[in-house]
Amino acid sequence: MTAQPFFSPAQAVVHLQPERWARVNRLHLRKALSEFSHERLLAPEWRRDRDGWGHYRLAADEGEVEYRFRARLLSLEHWDIDAESIEKRVAGAPAPLDSLSFIAEFQHRLGIADAMLPTYMEEITSTLYGSAYKHAKGGPLVAELLEADFQQVEAAMMEGHPAFVANNGRIGFDGNDYAAYAPEAASPVSLIWIGVHKSRARFACLDELSYEQLLRREFDPDTLAAFDERLAAQVEHAADYLLMPVHPWQWHNKVVSIFSPDIAARHIVYLGTGPDAYQAQQSIRTFFNLSRPDRHYVKMALSILNMGFMRGLSPYYMSATPAINQWLHALLAADPYFAAKGFTMLREVASIGYRHSHYDQAVKQDSPYKKMLSALWRESPLPQAGPGQRLMTMAALLHVDQEGRALLPALIEASGLDGDDWLRRYLDCYLSPLLHAFYTYDLAFMPHGENLILVLDGQVPVKAIMKDIAEEIAVLDPEATLPEGVRRIAVSVPDELKLLSIFTDVFDGIFRYLNQILVAHAGYPEQRFWELVADCARAYQQAHPHLAEKFARYDLFAPEFLHSCLNRLQLGNNQQMINLADPAQNLKFAGNLANPIAPFRP
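Computed from a predicted model, the values in this text were never measured in an experiment.

## What to know about the sheet that holds strand β7 (residues 192-197)
Turning to step 1, where the next piece is worked out: Within the open sheet, the three strands sit side by side as β9-β7-β10. Their pairing is antiparallel. A single partner strand is all that each edge strand has here, and the edge strands are β9 (241-246) and β10 (268-273). Taking the axes of each pair of neighbouring strands and ignoring which way they run, one obtains an average angle of 30° across the sheet.
Turning to step 2, where the next piece is worked out: Examined bridge by bridge, β7 and β9 share six bridges and lie antiparallel to one another. Directly across from His197, in β9, lies its bridge partner Tyr241.

Structure below.
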């Protein structure tokens, strides 16, 4: 068993030092100014240009409060703000920078309802707490990350989601939980295992796998025998039960109380902790097996509020997860284009969900209380890396270390390639498959940095691996022919919104930040970057002339596209941003954005 870290009262706050707190507030305020201005919630007033920078002023509605800073406006209305230039004045006098004060000062302009404000401020505070921890931790710097292993890079990430201003809320964690389960803490964790009665639980897996085979892969014989013995000692018919992993936080904070009727009735039986040590991933619910990296990831319900959702797992969604993964894996494997690009996925091979009978009967609508006890197993990516290759989360391409150095330019330099060639190879293994999925199969992923793993060879991306499949993918055609168990991923989306799976999720959600890093940290011309993106899109179109009608209908080179805004979603409802059954109905827009590849139309 791996002992969980324990923070003494003093250790829980040791990283909260005045200079560090001021630093993380300055960096966070830069992000808030940038993202809220990008989403047109704020409109800084231009004062003058000097030395290639615009100088701006932003006044609060009341209290004689104003902010001044210098910035460059890049493509897609990205505000590249010089953090050191930010200053606050109150009635003309200098004042310290404070993100919480900023949120309160601009509450109404940001559209935060009074009822939502305290929770949002708590999320901001927690985000700052985590940022201070990361800066104090002194993790590997960029030069070290060039040689770091997969999990060292995973734990070193500083920023979290690049767009959300409140991106590390984790409401529900206390100081000890943070030390034990936060991804940046990288503490080894032992999972709790329980027996669940088959009358309340459902296990599902790939056709090629069985429940017994999964257990044999995940446990050594002695561990499995010990669990069987403990189960048999507590119940009359052990064969009526399934083994299920539970996040330790979930067990102590939710299961023992909310599921106490089921525990008393022996529908749920505590079996103990497993011997393997796991590490929390950026997605916080998912754990990587440190003891046996060849074994599966385990993803478990975790009922904390984080970035617009309670992070549970639906037992109803879990029941279809392996079938969806099986269908998609077969599609990718049978397509020569995906094979040529090396584009693969990590299958979610098995799942288990437990239904609380009382909540199921009483609560008719969707609710976090119906998503508290589920788990899935996902393939390890290690077998997909060849000799001499290594794995890296794609989020690392946006990483800037605590000394202000960006990883992306260092990767390019270490590769021995020039910037153009490196970026071409990256776009070919990342963007090209996404275009193929959309135009050939009406298939949309959620391809943000944390959901992609890059395989690097000599610091050069050679292929991309997609993960987090069943909850994130959609076929944008309600009439698509799909197997019965996969039908729920076929969704109806208005034509004008379909291409946002590329424009918003890739251009605005990834490339906008890549472009800023290249400009600010490598002096790379932003027009050249967008020209390379256009070249990649053009090459795909030229290789698939039979899709000409679709290329015209969903025009990647259109002059502009709808500006879909993530922070507006969170600010509107920070506890349930969207209806997962119909995400399009909740989207919030702020006019249009100029398409940066439009000037390069073929």
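Next comes the rest of the description.
## Description of the UniProt feature "domain: Aerobactin siderophore biosynthesis IucA/IucC N-terminal" (unreviewed entry) in the protein chain
Turning to step 1, where the next piece is worked out: Cross-referencing UniProt, the feature "domain: Aerobactin siderophore biosynthesis IucA/IucC N-terminal" (unreviewed entry) maps to residues 149-399 in the present numbering.
Turning to step 2, where the next piece is worked out: The span residues 149-399 carries 33% helix and 23% strand; its end-to-end C-alpha distance comes to 15 Å.

## Brief notes about the environment of Asn592
Turning to step 1, where the next piece is worked out: Along the polypeptide, Asn592 turns up in strand β25 (residues 589-594).
Turning to step 2, where the next piece is worked out: In contact with Asn592, other than residues within four places in its own chain, are Arg40, Glu77, Glu560, Phe561, Leu562 and His563.
Turning to step 3, where the next piece is worked out: Of the polar contacts made by the side chain of Asn592, one reaches the side chain of Glu560; its length is 2.9 Å.

## A closer look at the side chain of His28
Turning to step 1, where the next piece is worked out: When you line up the elements, His28 lands in helix α1 (residues 18-38).
Turning to step 2, where the next piece is worked out: Separated by 2.8 Å, the side chains of His28 and Ser99 make a polar contact.
Turning to step 3, where the next piece is worked out: Every residue in contact with His28, bar those within four places of it in the chain, is listed here: Ser99, Ile124, Thr127, Leu128 and Val165.

## Regarding the domain arrangement of the protein chain
Turning to step 1, where the next piece is worked out: Considered domain by domain, the protein chain is made up of domain 1 (11-156), domain 2 (187-378) and domain 3 (391-600).
Turning to step 2, where the next piece is worked out: Averaged C-alpha coordinates put domain 1 and domain 2 at centres separated by 37 Å.
Turning to step 3, where the next piece is worked out: In this complex, domain 1 contributes six residues to the contact, which on the side of domain 2 involves nine residues.
Turning to step 4, where the next piece is worked out: Linking domain 1 with domain 2 are zero salt bridges, by the criterion used here.
Turning to step 5, where the next piece is worked out: The tally of links between domain 1 and domain 2 comes to three residue pairs in polar contact (both at pLDDT 80 or more).
Turning to step 6, where the next piece is worked out: Those elements that place two or more of their residues in the side of domain 1 that touches domain 2 are α4 (117-137) and α6 (150-156).

## Points about empty space enclosed by the protein
Turning to step 1, where the next piece is worked out: Summed over the entire model, instances satisfying the criterion amount to four cavities of 30 Å³ or more.
Turning to step 2, where the next piece is worked out: For the largest cavity, the full set of lining residues is Lys134, Lys137, Gly139, Pro140, Ala155, Ala156, Met157, Met158, Glu184, His399 and Gln402.
Turning to step 3, where the next piece is worked out: Looking at the lining of the largest cavity residue by residue, the classes come out as five nonpolar, three polar and three charged.
Turning to step 4, where the next piece is worked out: Leu434, Ala437, Phe438, Leu443, Ala444, Phe445, Pro447, Ser501 and Ile502 are the residues that line the second largest cavity.
Turning to step 5, where the next piece is worked out: With three residues, the top contributor of residues to the lining of the second largest cavity is helix α16 (residues 419-441).

## Some details on the packing of aromatic side chains
Turning to step 1, where the next piece is worked out: Across all of its chains, the model carries 39 aromatic pairs by this definition.
Turning to step 2, where the next piece is worked out: Ring geometry for Phe438 and Tyr439: centres 4.9 Å apart, planes at 85°, overall edge-to-face.
Turning to step 3, where the next piece is worked out: Judged by its relative accessible area of 3%, Phe438 falls in the buried class.
Turning to step 4, where the next piece is worked out: Members of the aromatic cluster, each reached through a chain of ring pairs, are Trp422, Tyr426, Tyr430, Phe503, Phe507, Phe511, Phe529, Trp530 and Phe561.
Turning to step 5, where the next piece is worked out: Looking at Arg70, its charged tip hangs above the ring of Trp53, at a distance of 4.3 Å from the centre.
Turning to step 6, where the next piece is worked out: Across from the ring centre of Trp53, 4.3 Å away, lies the NZ or CZ of Arg72, which sits over that ring.

## Brief notes about unusual backbone geometry
Turning to step 1, where the next piece is worked out: Its identity as a non-glycine residue notwithstanding, Glu64 has a phi of 55°, on the positive side.
Turning to step 2, where the next piece is worked out: Within the secondary structure, Glu64 sits in the loop between β2 (53-59) and β3 (65-74).
Turning to step 3, where the next piece is worked out: We note that Ala91 has phi near 55°; this positive angle belongs to a residue other than glycine.
Turning to step 4, where the next piece is worked out: Looking at the secondary structure, you find Ala91 in the loop between β5 (87-90) and β6 (93-95).

## Let's talk about α4
Turning to step 1, where the next piece is worked out: Given a rise of 1.5 Å per residue, 21 residues ought to cover 30 Å, and the 30 Å separating the end C-alpha atoms of α4 matches this to within 8%.
Turning to step 2, where the next piece is worked out: One or two steps after α4, the chain reaches Gly138, where phi turns positive at roughly 70°.

## What about the pairing of β5?
Turning to step 1, where the next piece is worked out: The sheet contact formed by β3 and β5 spans four bridges and is antiparallel. Across the sheet, the residue bridging to Glu66 is Arg89, located in β5.
Turning to step 2, where the next piece is worked out: Sheet topology places β5 next to β6; three bridges connect them, and they run antiparallel. For Lys88, the partnering residue across the bridge sits in β6 and is Ala95.
Turning to step 3, where the next piece is worked out: Counting the residues between successive antiparallel strands, the hairpin from β5 to β6 contains two residues, one of them, Ala91, with a positive phi of roughly 55°.

So, how was this worked out
- Residues numbered from 1 in each chain as written.
- Predicted model: local features only at pLDDT ≥ 70, side-chain atom pairs only at ≥ 80, totals over all residues.
- Heavy atoms only, no water.
- Pairing = 2+ DSSP bridges.
- Helix = DSSP H or I, 4+ residues; strand = E, 2+ residues; numbered from the N terminus.
- Axes fitted to C-alpha atoms, helices over the stretch in contact; angles between N-to-C directions.
- UniProt positions renumbered as here; feature names shortened; annotations may be inferred.
- Contact = heavy atoms within 4.5 Å.
- Polar contact = N/O pair within 3.5 Å; in protein donor to acceptor, adjacent residues only side chain to side chain.
- Domains from an automatic or database assignment.
- Salt bridge = Lys/Arg side-chain N within 4 Å of Asp/Glu carboxyl O.
- 1 Å grid on protein atoms, 1.4 Å probe; cavity = no way out; pocket = protein on both sides within 12 Å on 5 of 7 lines; lining within 4 Å.
- Points joined across faces, edges and corners; volume = space filled by probe spheres on them.
- Nonpolar A, V, L, I, M, F, W, Y, C, P; charged D, E, K, R; others polar.
- Phe/Tyr/Trp six-rings, centres within 6.5 Å; stacked < 30°, edge-to-face > 60°.
- Buried < 20%, exposed > 50% of the residue type's maximum accessible area, 1.4 Å probe, protein only.
- Lys NZ or Arg CZ within 6 Å of the ring centre and 35° of its normal.
- Expected span 1.5 Å × (residues − 1).

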